[in-house]
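# Geometric and topological summary
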Amino acid sequence: MEAFLTYLVRAAAVTAVFYLFYKILLVKETFHRINRAVLLCSALLSFILPLCILTVHRTIYMDSSLIVDTSSLTFVTTSTTAGFDWITAGVIVYLVGVAAVIVAKAFSVFSIRRILRQGRTVERGKGYRVVITDRKVSPFSWFGNIVMTEEDYAQSGTVIIAHEMAHIRLRHSADLLVVSLCCAAEWFNPAM
């Protein structure tokens, strides 16, 4: 379990380094596809790179006069009383955090599904449908569904549909799911 917590700390550190790289070099760039690729790759690589361990082998020569004969040494062992297991507690806290984030994300997905079910479909096209909702929401798309209010549809429906179609074509909903899973795995890391 200690190795698992060490892995999490390393993954968080790699995420923080990637985040700094993004903030310094790319945050003001308008190359949205490059930014998207960098962010997705950074999120995924932050979980892969800590698994890569580089080992360097070196031969060290030692003076033979420094070698001690251990046959005459006596080793004393001390027994430790069972104390609080901080490693197990850390893993439990981590898993509770992961579960809480997953439950919150699942609640969001179910809320979106409820909006789609209760909304009124006003337009269908190749690869999309427009759903009008009574809820006060900003226009958004979710896997081929474009959601907006009646007012938004009446005032600037074609512009909103064109904008949201770009999100649908680029599969941004899938990106959101991947990043949500990464956020659940690193819920304790502000850089994620």
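An account of the accompanying structure is given in this report. (Residues numbered from 1 in each chain as written. Predicted model: local features only at pLDDT ≥ 70, side-chain atom pairs only at ≥ 80, totals over all residues. Heavy atoms only, no water.)

## Things to note about unusual backbone geometry
- Backbone geometry at F143 places phi at a positive 45 degrees, although glycine is not the residue there.
- Turning to its location among the elements, F143 is positioned in the loop between β3 (140-142) and β4 (145-149).
- Of note, the phi angle at R171 is positive, near 60 degrees, even though the residue is not glycine.
- By the element assignment, R171 lies in the loop between α4 (150-169) and α5 (172-185). (Helix = DSSP H or I, 4+ residues; strand = E, 2+ residues; numbered from the N terminus.)

## Looking at the pairing of β4
- Most of β4 is tucked away, with five of its five residues classed as buried.
- Here β4 shows a buried face lined by N145, V147 and T149 and a second buried face lined by I146 and M148.
- Of the pairings in the sheet, the one linking strand β2 (residues 128-133) to β4 comprises five bridges and is parallel in character. Bridged to V130 within β4 is I146.
- Linkage of β3 to β4, two consecutive antiparallel strands, is achieved through a turn of two residues, within which F143 is found at a positive phi near 45 degrees. (Buried < 20%, exposed > 50% of the residue type's maximum accessible area, 1.4 Å probe, protein only. Pairing = 2+ DSSP bridges.)

None of this, on its own, says anything about what the molecule does.
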